[in-house]
Amino acid sequence: LCSRYGTSVHTRLVRNGCDNNGSVGATNAASRGADGLWHLGYVGTLANVDAEAIIKLVQSVPDVCVDLVGPAAGWKGPTNHPRLHLLGTLQHERLAGFAFTCCCLIAPFPHTTLTEGVDPVKLYEYVSWGRPIVVLRYPEVERFGAFVEFYETPQKLVEVVLRMCSEGFVRKYSEGQRTEFLRENTWEVRGRQVRQELRDLLSGVDG
């Protein structure tokens, strides 16, 4: 925005947030599913998933199953792998329940210039659901470092998940950290920030 319109334009960055509900009962305990597998979950548009990384993961880690929730249009991976489940869309109020069935939530974004500009709302939701989290590392998500495990390549994703399997998918962050994060990053907080910016503009602050 600054390069396009100039640095004299009044700009403020207001980030994404999350609802501080649906997270009651979140726990750092993880267990295998009834099928004896560790279930890793993803919530979002499947067209925005790095299918190569997901395929390498299920091919390399036989104890893992990946459950994908979201619109399947644009999905570039297989639809018949026994440990890769495309579950379709769920009502938003059911997403926390789905998250609690997963030992870990993943955000396997493709590494593109578009991704590098995204402040992913799903990471806010993942923290609110209280599960272990694995995400592609890029500058915009570095500030989630206290809450997530990072990877840089499909092979690094496999290595991170193998380590987490051996450790039993222990959550990186404490309940106190999660509670503080939710308090500071709700949509209500974001709304207050926007209202304050509008008041400042209307009163002539910062031009």
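One can find the structure itself at the top, above this paragraph.
Residues numbered from 1 in each chain as written. Predicted model: local features only at pLDDT ≥ 70, side-chain atom pairs only at ≥ 80, totals over all residues. Heavy atoms only, no water.

Student: I'd love a proper account of the pattern of salt bridges, names of residues and values included.
Tutor: A full pass over the atoms with the stated rule returns twelve salt bridges. A salt bridge links glutamate 140 to arginine 143, with the shortest nitrogen-to-oxygen separation between them at 3.9 Å. In this structure arginine 143 comes out as partly exposed when scored by relative accessible area, which is 39%. A salt bridge links glutamate 159 to lysine 156, with the shortest nitrogen-to-oxygen separation between them at 3.6 Å. Taken as a pair, glutamate 159 and lysine 156 lie in helix H6 (residues 154-167) at a separation of three residues, close to a single helical turn. Each of Arg15, Asp119, Glu140 and Arg143 takes part in salt bridges that share partners, so that together they form one network. (Salt bridge = Lys/Arg side-chain N within 4 Å of Asp/Glu carboxyl O. Buried < 20%, exposed > 50% of the residue type's maximum accessible area, 1.4 Å probe, protein only. Helix = DSSP H or I, 4+ residues; strand = E, 2+ residues; numbered from the N terminus.)

Student: Describe in detail the packing of helix H5 (residues 121-129) against helix H7 (residues 175-184), supporting the description with residues and values.
Tutor: One way to put it is that H5 packs onto H7 with a least axis distance of 9 Å and a crossing angle of 135°. Of the possible angle classes, the one that applies to H5 and H7 is oblique. In the crossing of H5 with H7, the sense of the turn from one axis to the other is left-handed. For the pair formed by H5 and H7, the contact residues are Tyr124, Val127 and Ser128 on the first element and Arg178, Phe181 and Leu182 on the second. The residue makeup of the contact of H5 with H7, split by class, is four nonpolar, one polar and one charged. (Axes fitted to C-alpha atoms, helices over the stretch in contact; angles between N-to-C directions. Parallel < 35°, antiparallel > 145°, perpendicular 65-115°, else oblique. Left-handed = near helix turned anticlockwise from the far one by under 90°. Contact = heavy atoms within 4.5 Å. Nonpolar A, V, L, I, M, F, W, Y, C, P; charged D, E, K, R; others polar.)

Student: Kindly report on the packing of aromatic side chains, identifying the contributing residues and their values.
Tutor: Applying the stated criterion to the full structure yields eight aromatic pairs. Considering the side-chain rings of tyrosine 124 and phenylalanine 144, the 5.2 Å spacing of their centres and the 85° angle between planes classify their relative orientation as edge-to-face. Taken together, the residues tyrosine 124 in helix H5 and phenylalanine 144 in the loop between strand S5 (133-136) and strand S6 (149-151) connect sequence positions 20 residues apart. Phenylalanine 144 carries the same exposure label as tyrosine 124, and that label is buried. (Phe/Tyr/Trp six-rings, centres within 6.5 Å; stacked < 30°, edge-to-face > 60°.)

Student: Can you break down the sheet that holds strand S2 (residues 64-69) residue by residue, with the values?
Tutor: Sheet strands pair via backbone hydrogen bonds, and the direction of the pair is either parallel or antiparallel. Strand order in the open sheet formed by six strands is S3-S2-S1-S4-S5-S6, and the pairing between neighbours is parallel. Each edge of the sheet is formed by a strand with only one pairing partner; in this case those strands are strand S3 (84-86) and S6. Each strand axis lies, on average, 25° off the axis of its neighbour in the sheet, ignoring direction. Judged from the three bridges that link them, S2 and S3 form a sheet pairing that is parallel. (Pairing = 2+ DSSP bridges.)

Student: Report on the pairing of S2, specifying residues and quantitative values.
Tutor: Within S2, six of the six residues are buried, which leaves the element mostly enclosed by the surrounding structure. Residue alternation in S2 divides its side chains into two sets, Val64, Val66 and Leu68 and Cys65, Asp67 and Val69, and both sets are buried. Where strand S1 (residues 38-43) and S2 come together, six bridges link them in parallel fashion. Along S2, the bridge assignment pairs tryptophan 38 with valine 64.

Student: Tell me what's going on with the packing of helix H2 (residues 51-60) against H6, and back it up with residues and numbers.
Tutor: In the contact formed by H2 and H6, the axes pass within 9 Å of each other and the chain directions differ by 45°. Of the possible angle classes, the one that applies to H2 and H6 is oblique. Remark: the crossing between H2 and H6 carries right-handed chirality. Touching Glu52, Ala53, Lys56, Leu57 and Ser60 of H2 are Pro154, Gln155, Leu157, Val158 and Val161, all from H6. Tallied by class, residues from the contact of H2 with H6 come to six nonpolar, two polar and two charged.

Student: Provide a residue-level description of the nonpolar core, including the pertinent values.
Tutor: One finds Leu40, Leu57, Val64, Val66, Tyr126 and Phe169 to be the most contacted residues of the largest nonpolar core, which totals 56 residues. Broken down by element, this core gets its largest block of residues, six residues, from H6. (Core = buried A, V, L, I, M, F, W, Y, C linked by side-chain atoms within 4.5 Å.)

Student: Outline the environment of glycine 168, supporting the account with residue identities and numerical values.
Tutor: If you trace the backbone, glycine 168 turns up in the loop between H6 and H7. Residues glycine 168 and alanine 30, 138 residues apart in the sequence, show an inter-C-alpha distance of 6.8 Å. What glycine 168 contacts, discounting residues up to four positions off in sequence, is Ala30 and Trp38.

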